Amino acid sequence: MTQGPFPATRFRRLRRTEPLRRLVRETGLQTSDFIWPTFVRGGTGERDDVPSMPGVERLSVDLLVEAAREAADLGIPAICIFPYTDASLKTETCEEAWNPDNLSNRAVSAIKEAGIDIAVMTDVALDPYNANGHDGIVRDGVIVNDESVAALVRMALAQARAGADILGPSDMMDGRIGAMRAALEADGFKDVAIMSYTAKYASAFYGPFRDAVGASGALTGDKKTYQMDPGNTDEAMRLVERDLGEGADMVMVKPGMPYLDICTRVKRDFGVPTFAYQVSGEYAMLKGAAERGWLDGEAVMLETLQGFKRAGCDGILTYFARDAARLLNG
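Residues numbered from 1 in each chain as written. Predicted model: local features only at pLDDT ≥ 70, side-chain atom pairs only at ≥ 80, totals over all residues. Heavy atoms only, no water.

1. Here's the deal with the environment of Asp187
Keep this limit in mind: Numbered from the N terminus, helices here are DSSP runs of H or I no shorter than four residues, and strands are runs of E no shorter than two. Each residue's exposure class comes from its accessible area (1.4 Å probe, protein chains only) as a fraction of the maximum for that residue type: buried when under 20%, exposed when over 50%, partly exposed otherwise.
Following the sequence through the fold, Asp187 ends up in the loop between α5 (176-186) and β9 (193-200). Look at Asp187 and you get partly exposed, because its relative accessible area is 36%. Separated by 26 residues in the primary sequence, Asp187 and Arg161 place their C-alpha atoms 9.4 Å from one another.

2. Remarks on helix α10 (residues 297-310)
It helps to recall that an α-helix has 3.6 residues per turn; residues three or four apart then point in one direction. Heads up, the rule is: By this rule, a helix spans an expected 1.5 Å times one less than how many residues it contains. Residue contacts are counted whenever heavy atoms from the two residues lie within 4.5 Å of one another. Identification of polar contacts relies on pairs of N or O atoms within 3.5 Å, with a donor-acceptor requirement for protein atoms, meaning one able to donate a hydrogen and the other able to accept it, and with residues adjacent in sequence counted only if both atoms are side-chain atoms.
Its 14 residues place the ends of α10 20 Å apart at the C-alpha level, agreeing with the 20 Å of an ideal helix rising 1.5 Å per residue. Residues of α10 that are buried include every one of Val300, Met301, Thr304, Leu305, Gly307, Phe308 and Lys309, and no others. Tucked into the core, α10 has its buried residues touching β1 (34-41), α8 (260-270), β11 (274-278), α9 (280-291), β12 (315-318) and α11 (321-328). Where α10 begins, the side chain of Asp296 points an oxygen toward the backbone nitrogen of Glu298, at a separation of 3.3 Å. Two residues or fewer after α10 comes Gly312, characterised by a positive phi angle close to 115°.

3. A look at the packing of helix α7 (residues 234-246) against α8
Operational definition: Axes here refer to lines fitted to C-alpha atoms; in helices the fit is confined to the stretch in contact. Angles between the N-to-C directions go from 0 to 180 degrees. The labels follow the angle: roughly parallel below 35 degrees, roughly antiparallel above 145, roughly perpendicular from 65 to 115, and oblique for the rest. By definition, any crossing whose near helix is turned counterclockwise from its far helix by less than a right angle is left-handed, and any crossing with a clockwise turn is right-handed. The nonpolar class holds Ala, Val, Leu, Ile, Met, Phe, Trp, Tyr, Cys and Pro. Asp, Glu, Lys and Arg form the charged class, and all remaining residues, Gly among them, are polar.
Where α7 meets α8, the axes come as close as 10 Å, and the angle between the chain directions of the two elements is 45°. Between α7 and α8, the angle falls in the class oblique. When the axes of α7 and α8 are compared, the crossing they make is right-handed. Each of Asp234, Ala236, Met237, Val240, Glu241 and Leu244 in α7 lies in contact with α8, whose residues at this interface are Ile262, Arg265, Val266, Asp269 and Phe270. Classifying every residue of the contact of α7 with α8 gives seven nonpolar, no polar and four charged.

4. What about the nonpolar core?
Note on soluble globular proteins: their nonpolar side chains tend to be buried together. Stated precisely, the cut-off is as follows: We define the nonpolar core as a collection of buried residues of types Ala, Val, Leu, Ile, Met, Phe, Trp, Tyr and Cys that are connected through side-chain atoms lying within 4.5 Å of one another.
Core analysis: the biggest nonpolar cluster contains 107 residues, and Phe39, Ile111, Met121, Met195, Ile262, Tyr277 and Leu305 have the highest contact counts within it. Here the element with the most residues in this core is helix α4 (residues 145-162); it accounts for 10 residues. When neighbours within four sequence positions are excluded, Leu305 is seen to be in contact with Leu29, Phe34, Gln278, Ile316, Thr318, Phe320 and Ala324.

5. Quick look at helix α3 (residues 103-113)
All buried positions along α3 are accounted for by Leu103, Ser104, Asn105, Ala107, Val108, Ala110 and Ile111. Residues of α3 that are buried make contact with β1, α2 (61-74), β4 (78-83), β5 (119-124) and α4. The N-capping residue of α3, defined by a side-chain oxygen 3.3 Å from the backbone nitrogen of Ser104, is Asn102. Just downstream of α3, Gly115 is the residue with a positive phi angle, here 70°.

6. Here's the deal with the pairing of β12
Threshold: Pairing between strands is defined by DSSP: at least two bridges between them are needed.
Side-chain alternation along β12 places Gly315 and Leu317 on one buried face and Ile316 and Thr318 on a second face that is also buried. Note: β1 against β12, two bridges, orientation parallel. Opposite Phe34, over in β12, you have Ile316 as the bridge partner. Looking at chain direction, β11 and β12 are connected through four bridges and run parallel. By the bridge assignment, Ala276 is partnered in β12 with Ile316.

And the structure:
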């Protein structure tokens, strides 16, 4: 035994006051644990609400630069950019994805040119640019793998040239990490990091995000032929092993809260930088309940974020990042 029987051992002794609770707390939460996902739109001085994500806005590039500055001042180490692409630019071959002047690349460059001390992460997937709403190219109703990987490599290189620090391949095509890593090395971007969406499940929690990037109406069918089956765990471990072998620096589990067991197993089995994405549906249900007075919004926000850390995550992509950082900073 490691402790004596009651009353020699009273666990409540160390719960008696807040200073005592802090002293023995096993899992901490700090602003450096967050990556803040943001949405960029066209125009100047423009912002608009995402109705299904209360408190989240799409920002024009100039306003996103200011948001990145605020995030850095709060101690948030990284910002992730997702574009709201005009429907006229969406095609079946997704050429806008590697346009050096697309919204995402302009935003990356603007943040870098502003000299803000924050890491910039990008999304590598074709859905914001795809007339079919899929993360890969569609041929005769099939999401084709190898042609999609070739397009994703072009997209990744364009983002690296714009100044991205971290590439986030979220497409779930086979072989894309190795292809991107080889292209980055060959093109002189050996220091650009890859955070692979390694275990990205075919989840029902993504709906509000698709609204935010304008992909909901375009999507034909579902994404179950390339995103993971929610019933699988061993497959996730195989994917982590593969992506690390192909050159990923960090791995991600997505969604977050329903897949904490996967986070724990990844961290325990591989010991690599492990992240979770608290996705749009998770955010929306907590915000919606808080707005109706059914939950204490600030309390559940911090509790869920601490839950990711307790499960083994090194960091969390969360739309709560700015609000949580403000609270943690007092």
